[in-house]
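Coordinates in review
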Amino acid sequence: MSRDDAAEQGFEQFERFLQEWSRRDFLKRTGVATAYLAFLAGGAELLAAACGPTNPTNTTTAVKGGKLIEGSISDLASVPFNTLNSGDTTSTQAITHTFDGLLGISANGDNIPMLAAALPTVSSDSLTITFKLKPNLKWSDGKPLTADDVAYTYGLMFLPETKDFISRYRSDLEGYLQSATATDPQTVVFKFSKVQASFVDSHCRRGILPKSVLGGVTPKALNTHDFFSAPTVTSGVFKFVRWDKGQQVVFARNENYWAGPSNLDQYIVKIVSDAVVLAQQLKTGELDAGQPDASQFDNLKTITTINTLAHINPGFVYYQHNLDQTRAPYKLFGEKNVRKALFMALDRTAMAKAVYFGQAVPANSVLPPTTWAYNKDVTPTYKYDKTAAEKLLDDAGWAKGSDGIRSKGGVRFSFELNTNSGNKVRENLIQVMQQQWKEIGVEALPRPIAFQTLVTQIRATHTFATLLIGIANGDTDPDQTTLWGSKGIGSGGLNGMQYKNAQVDQLLADALTTTDRTKRKPLYAQIQNILADELPAPILFYSNYLWGINKRVKNFNVGPYNTYQGRPWMKDVFVTDGK
Amino acid sequence: MLKYLVSRVIATIPVIIGVTVFTFIVMHLAAGSYVPGLDLNPNLKPEDEAMIKHYLGLDRPLYEQYLTWMAGVVHGDFGRSMIDGSLVSRHIGDRLPATLELTVTAILMGVLISIPLGVTGALRRGSKIDHALTALSVGGFAIPGFWLGLMLILIFSVQLQAWGMPFLPSGGVMTPGTGGGDPLDRLVHLIMPATVLSFVYLSIWSRFTRSSMLEVLSQDYVRTARAKGMSGRRVVYLHALRNAVIPLVTLVGLELPSLVSGGLVVEVVFSWPGIGKLLYERALQTDYSTVLGITTFAALLVVLGNLLADFLYALLDPRIRYA
Amino acid sequence: MIDPVIVEAPPVATPLATRRAIQSYWSAAFSRLRRNRIGMASGALLLFFVLVALAAPLLARLITHTNYSSQDLANTFANPLSPGHILGTDDLGRDELTRLLFGAQVSMGIGFLAVSVSLAIGATVGLVAGYYGGLIDGVLMRFVDIILAIPSIFLFILMSILFKPNTVTLALIIASVGWGSIARLVRGEVLSVRTRDFMVATRALGARDVRLIVRHLLPNVLHVLIVFGSLYLGSVILIEAALDFLGLGINPPIPSWGNMLTNSETFFFHSRWLVIWPGVMIFLAVLAANLFGNAVRDAFDPRLRGE
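Residues numbered from 1 in each chain as written. Chains lettered and ligands numbered in written order. Predicted model: local features only at pLDDT ≥ 70, side-chain atom pairs only at ≥ 80, totals over all residues. Heavy atoms only, no water.

Some remarks on the overall build of chain B
This is how it is decided: Secondary structure elements are taken from DSSP: a helix is a run of H or I of four residues or more, a strand is a run of E of two residues or more, and numbering for both begins at the N terminus. In this analysis, two residues are considered to be in contact whenever any of their non-hydrogen atoms come within 4.5 Å of each other. Here, Shrake-Rupley sampling with a 1.4 Å probe gives the accessible areas, and only protein chains in the shown set may cover a residue.
When helices and strands are counted, chain B shows 14 helices and zero strands. Within chain B, contacts between residues separated by at least 24 positions form 71% of all contacts whose residues are at least 6 apart in sequence. Taken as a whole, chain B presents about 15700 Å² of accessible surface, with 68% of it coming from carbon and sulfur.

Shown next, in the form of structure tokens:
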């Protein structure tokens, strides 16, 4: 047959593929939707089951050997293996594979003992927490890992004499943690001056550092120590081999791992420029696993060599208004009803479908449904309602001018809308938001800026008007002081709105004074209601994590809390061809 | 000749100074108030800031800072990144080979293909082939390089794969994890970006070769050779071709400055890990110092390249040699 | 990057009798141009793009009934010839044809503006350097050397991140590099002209410098400017599109043919058309500009045709 005929046939094949995936796609979406609803009903287990990985967890015999190449769109940050000051997901993920903590995290956010022999014992007054370590723990060089290492590690985060060592968790622990002592080589005792309810969930997964290597280094010198760029010993499932900046990070099996040596010889993180290229490389087999762009997901489902997986992301996408009363944007966003009007003018269902290709759901609360404190009855909730939005703005005194844009008291409702550049989804979002706000007479000027600048804006500069950003949650603890509390304003937190609400502050603090979930839950429910009413930073979407995993990879059991936060199953991952 | 060389060197010095002054001024305008390390540690106190500034010499008078910058450049130190403090010179060292691999291949392809194309056009002047080749070269020049790259990727990488056929890789220099040893693998990765990059050279040089060839063919000595009874082919290959190609060498020489920078768009489209792509990525992160460091390096290469070209001309052109 | 331009100088502008010779030079050139069918056709195509650019809002209102930023999230990736969208829609449901129309504004606008500014600056510098010679010439030409030493694409990217350009500033950025080559060319022309008798004579008569430069030198270098300008237009359109594509030029929602291609690869499986239209537009516009430029060059210097 001629070349044209062959091309025609190929084309027909392609058309048929397109038709087929739309059917499969519908089924997949129903699956996710069902799972989400199950979650709302409080059934975390249902989610794990309904939306679990398409790789079955227990398969045929594991094959030893070979390597797994995972794609990542960002490189490690500088000093990436500093387990006590990691601020980005790529570095956190690298730490997950190299430095185990006392506890780890399961796919749905439960604590599991890693270096610890079991979950800790908590005294009745909640001021003493005791951990017993597993016996015979070793570092990758064979030296024993003891409670001394643990005490040393935690000491770096709260002791006054280690103040020169910078850790982002110091402000959390200072004032609460009084001492961390190794009472014997297998036991660590933490003593608190005040009850810190979030300690076990939030702080017990920190990678333990080797005292024998770092103990002699001054805290100040530790900040830039080479060990954190190229760790010589590790305690996790892999050893660090090398980091070719901008290209790849290579790990190898740690023979002395407490859970036993991994099946894989090597694990490589390959850095690709964006999530679209990542999808492309999944298809060619250059990558074995990775998180592709939503726009490529449907196409990936048609590829026979790849399993796809979508599960909920325990975070959200939202936008912050700058509520600093001394700055200009306050004139625009200071009033609650104006913020409500802006939120109601957004057709989030349509946005989820068009911009996220269906891989997101409109959000209704500041806590995602993956956490036990999620208030499914949060009120008020908001529907897409342009007319109501316009009425609220009219009532607030914002009158439409001849150019269609509202103004009040000589101030035009015009502002700059930022998000991080390079993220196509976010850049599209701000354009859609611009358009939808234009329809109610509000002028938003979309301008993507570098991620670093965005974070600095939130933490320090505060000259922005409104910015769109996403939050990824590392653990299930519902404490969000960094986001909504006064303590979260400034360099340690993410409260770029500079929102100050005394009631919310009090509730946040109270909720940390007990470990009893039945007492904490109603407090968080209240917080969610207040924030849903005040809308200092309205939550737009809960989105999905999307995965493409080559069929030769088994036991790669990523889940909502097992994307980068922890991967306790990593040692069981194997590749069927052993290569 | 010595006088000529010395005068050329003297003329080059202000340009070098000018380039470094320019990049220095831009650096200060863009990032004068930037404090390295602030991104790593947002808790930086004013005293610490002052200490870092002093340590880096940022509190010294401008001319002193310029001299330090200049001295660094002379030693091959083009500054440090604002984002992560890495040495620009190390980045250049890491990425330059990949860029050169791409641009040199593209130029070679351009030369090797334009000569036969141009010669064919000249020999078969006015024929359909000639018209087709002219159209191709005019069209080729009008195609946006990034678009051509996109289309090639979509056809030869994405679409072929969707049809289950063997396909070309869509980016990168090698298959990951192979260490780049397999020449066939590297070739397969190189072919599309090099083709796109050579396209523009092709369109210009084939036209130029054609007109150069035509001019040579109409020269007296060619007609003489023909009259003497030499076969047409010998005439072409021995005399005309050699003389027609020499001006092409000049044109190719004009392109040498673009060895470093010319591949930028192609590098970005094909994720080719070269200097252009690095500059682009760093520009998106507003890492001014890396961008400026690379720019200075490239500009200096151009200046030195021109100087070298002047020397070579001096060697080749007897008029200058014996002056 | 354009063909090296070697242009034959027109007859010298002596005060008296040869004014007719000048006129006949220009009219001969124009008639050569008119007779060049491909040249005229491409000139017409170029004019078409200019008119589309100027009339884009009107055309949008008449033909597509929408503007370039109205989104229709329920109707993304519509195929061409779907209701209301002759060329389909993009990833946010915006009409492709309308965006192409407004994209013409960006390409043509920036193209012509950048070329004009380049010519203006380059001509001024070249005239002054060539006329005064000596130290002024030396300084100005060193300056040109510096600009030309820095790879232009790097310089564009650098200025783009410094100034975050809108349409006008982007044109100025592109112009800020282009004037260098023009200055050199003009200076070369001036050097060959200024030693001629008429210049010495006019100087002896006491004419002031500015008058000499403007009224006597400028007309003689005009042909260089015209030829270079028409050849440069195509390059400018290509450079501008590339910068937009990289995200360093005009950014959405303002459509430009370059930035319409930025995400088109991503959406290939959703709509194959998005990659095609803007690229074809750029190709046609640049082709028209180049062919017209070639025709202009041929008209003003028939020697170069190599016949």
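A few points about the nonpolar core
Stated precisely, the cut-off is as follows: To form a nonpolar core, buried Ala, Val, Leu, Ile, Met, Phe, Trp, Tyr and Cys residues must be joined to one another through side-chain atoms within 4.5 Å. With a 1.4 Å probe rolled over the protein chains alone, any residue whose accessible area is under 20% of its type maximum counts as buried; one over 50% counts as exposed, and the rest are partly exposed.
Phe146(B), Leu264(B) and Phe154(C) are the most contacted members of the largest nonpolar core, which has 147 residues in total. Ignoring sequence-local partners within four residues, the contact set of Leu264(B) consists of Gly276(B), Leu279(B), Ile153(C), Phe154(C), Ile157(C) and Leu246(C). Counting residues in each nonpolar core, the second largest holds 77 residues, with Phe333(A), Phe415(A), Leu523(A) and Leu92(C) among its members.

A closer look at the pattern of salt bridges
Residue and element names in this part refer to chain B. Put simply, the rule is: Whenever a carboxyl oxygen of Asp or Glu lies within 4 Å of a side-chain nitrogen of Lys or Arg, that contact is scored as a salt bridge.
Enumeration over the complete set of coordinates arrives at 37 salt bridges over all chains. One salt bridge connects arginine 210 with aspartate 130, and the closest N-O pair in it is separated by 2.8 Å. With arginine 210 in helix H7 (residues 183-217) and aspartate 130 in helix H5 (residues 128-142), the pair connects residues that are 80 residues apart, well separated along the chain. Of the two residues examined, arginine 210 and aspartate 130, each falls in the buried class.

What to know about the interface of chain C and chain A
Cut-off, in case you're wondering: The buried area of a pairing is the accessible area, by a 1.4 Å probe, that goes missing from both parts when the two are put together, added over both. In protein, a polar contact means a hydrogen-donor-capable atom and an acceptor-capable atom, both N or O and within 3.5 Å, with residues adjacent in sequence counting only if both atoms are side-chain atoms; elsewhere, any N or O pair within 3.5 Å suffices.
Contacts between chain C and chain A engage 19 residues on the former and 26 residues on the latter. Between chain C and chain A, a total of about 1800 Å² is buried, with carbon and sulfur atoms accounting for 54% of that surface. One can count zero salt bridges joining chain C with chain A. Remark: the boundary between chain C and chain A carries six residue pairs in polar contact (both at pLDDT 80 or more).

Comments concerning the interface of chain C and chain B
Short version of the rule: Here the term charged refers only to Asp, Glu, Lys and Arg, the term nonpolar to Ala, Val, Leu, Ile, Met, Phe, Trp, Tyr, Cys and Pro, and the term polar to all other amino acids, Gly among them.
In this assembly, 42 residues from chain C lie in contact with 50 residues from chain B. Both faces considered, chain C and chain B share a buried interface measuring about 4100 Å² in area, 81% of it formed by carbon and sulfur atoms. Scanning the region where chain C abuts chain B turns up zero salt bridges. For the pair chain C and chain B, the interface holds three residue pairs in polar contact (both at pLDDT 80 or more). At the level of secondary structure, the elements contributing two or more residues to the side of chain C that touches chain B comprise helix H4 (134-149), helix H5 (152-163), helix H8 (209-245) and helix H10 (276-300) of chain C. Per-element tally for the side of chain C that touches chain B: the top contributor is H10(C), with 11 residues. Partitioning the side of chain C that touches chain B into residue classes produces 30 nonpolar, five polar and seven charged.

Some remarks on the sheet that holds strand S4 (residues 121-122) of chain A
All names here are of chain A. What counts is decided by this rule: We call two strands paired when DSSP finds no fewer than two bridges between them. Lines are fitted to the C-alpha atoms to define the axes, a helix being fitted only along its stretch in contact, and any angle between axes, read from their N-to-C directions, falls within 0 to 180 degrees.
Read across the sheet, four strands follow the order S4-S5-S7-S6 without closing on themselves; strand pairing throughout is antiparallel. Both edges of this open sheet fall to S4 and strand S6 (177-184), since each of them pairs with a single strand only. The pairing of S4 with strand S5 (residues 128-132) spans two bridges and is classified as antiparallel. Each residue of the ladder has a partner; that of threonine 121, found in S5, is threonine 130. Running at roughly 170° to S6, helix H4 (residues 147-158) makes contact with S6 and strand S7 (187-192) of the sheet.

Topic: the sheet that holds strand S16 (residues 406-408) of chain A
Ordered by their spatial adjacency, three strands build an open sheet running S15-S16-S17 (chain A), and the pairing between neighbours is antiparallel. Each end of this open sheet is capped by a strand with a single partner; those strands are strand S15 (399-400) and strand S17 (411-412) of chain A.

Regarding the packing of aromatic side chains
Definition in use: Aromatic contacts are taken between Phe, Tyr and Trp rings whose centres are within 6.5 Å, Trp giving its six-membered ring; a plane angle under 30 degrees counts as stacked, one over 60 as edge-to-face, and the others as tilted. Both a distance and an angle decide whether a charge sits over a ring: NZ of Lys or CZ of Arg must be within 6 Å of the ring centre and within 35 degrees of the ring normal.
Across all of its chains, the model carries 41 aromatic pairs over all chains by this definition. With centroids separated by 6.0 Å and ring planes inclined at 70°, the aromatic side chains of Phe227(A) and Phe228(A) adopt a geometry described as edge-to-face. Each of the two residues, Phe227(A) as well as Phe228(A), counts as buried. Note on Phe49(C) and Trp257(C): the rings are 5.8 Å apart at their centroids and 70° apart in plane angle, and the pair reads as edge-to-face. Of this pair, Phe49(C) sits in helix H2 (residues 37-64) while Trp257(C) sits in the loop between H8 and helix H9 (259-262), and the two are 208 residues apart along the sequence. Grouping aromatic residues by their ring pairs yields a cluster made of Tyr319(A), Phe333(A), Trp398(A), Phe413(A), Phe415(A) and Trp437(A). Positioned above the aromatic ring of Tyr176(A), the side-chain terminus of Lys194(A) is 4.9 Å from the ring centre.

Comments concerning the confidence of the model for chain B
Applicable threshold: Confidence of the predictor at the level of single residues is given by pLDDT, which spans 0 to 100.
In this model, chain B carries an average pLDDT of 80, and 81% of its residues clear a pLDDT of 70 or more. Element-level pLDDT for chain B is lowest in helix H14 (residues 318-321) of chain B, with a mean of 60, against a maximum mean of 91 in helix H11 (residues 264-269) of chain B.

Here's the deal with helix H3 (residues 89-98) of chain A
All names here are of chain A. Counting buried positions along H3 gives eight out of 10 residues, so the element sits mostly inside the fold. For H3, every residue scored as buried is listed here: Thr90, Ser91, Gln93, Ala94, Ile95, Thr96, His97 and Thr98. On its buried side, H3 packs onto strand S1 (67-72), strand S8 (238-244), strand S9 (248-253) and strand S10 (266-271).

A short note on the packing of H5(B) against H10(C)
Helix-helix packing: each pair is described by the crossing angle between the helix axes and the interaxial distance. The test is simple: In this scheme, roughly parallel covers angles under 35 degrees and roughly antiparallel covers those over 145, while 65 to 115 is roughly perpendicular and the rest are oblique. Crossing chirality is assigned from the near helix's rotation relative to the far helix, an anticlockwise turn below a right angle marking it left-handed and a clockwise turn marking it right-handed.
For the pair H5(B) and H10(C), interaxial distance at closest approach is 8 Å and the crossing angle is 120°. Looking at the two axes, H5(B) sits oblique to H10(C). In terms of crossing hand, the pair formed by H5(B) and H10(C) is right-handed. Note on element contacts: H10(C) touches H5(B) through Ile282(C), Phe283(C), Val286(C), Leu287(C), Asn290(C) and Leu291(C), opposite Val138(B), Gly139(B), Phe141(B) and Ala142(B). When grouped by side-chain class, the residues that make up the contact of H5(B) with H10(C) number eight nonpolar, two polar and no charged.

Some details on the pairing of S8(A)
Two faces make up the sheet, and in a regular strand the side chains alternate between them. All names here are of chain A. Note that S8 and S9 share six bridges and pair antiparallel. Each bridged residue has a counterpart across the sheet, and for phenylalanine 238 the counterpart in S9 is arginine 253. Counting the residues between successive antiparallel strands, the hairpin from S8 to S9 contains three residues, one of them, glycine 246, with a positive phi of roughly 80°.

Some points on the environment of Gly274(B)
Residues and elements named next belong to chain B. Mapping glycine 274 onto the fold places it in the loop between H11 and helix H12 (275-284). Using a relative accessible area of 0% as the deciding quantity, one classes glycine 274 as buried. A sequence separation of 13 residues divides glycine 274 from serine 261, and the C-alpha atoms of the two residues are 9.6 Å apart. Leaving out residues up to four positions away in the same chain, glycine 274 has contacts with Arg95, Ala98, Thr99 and Glu267.

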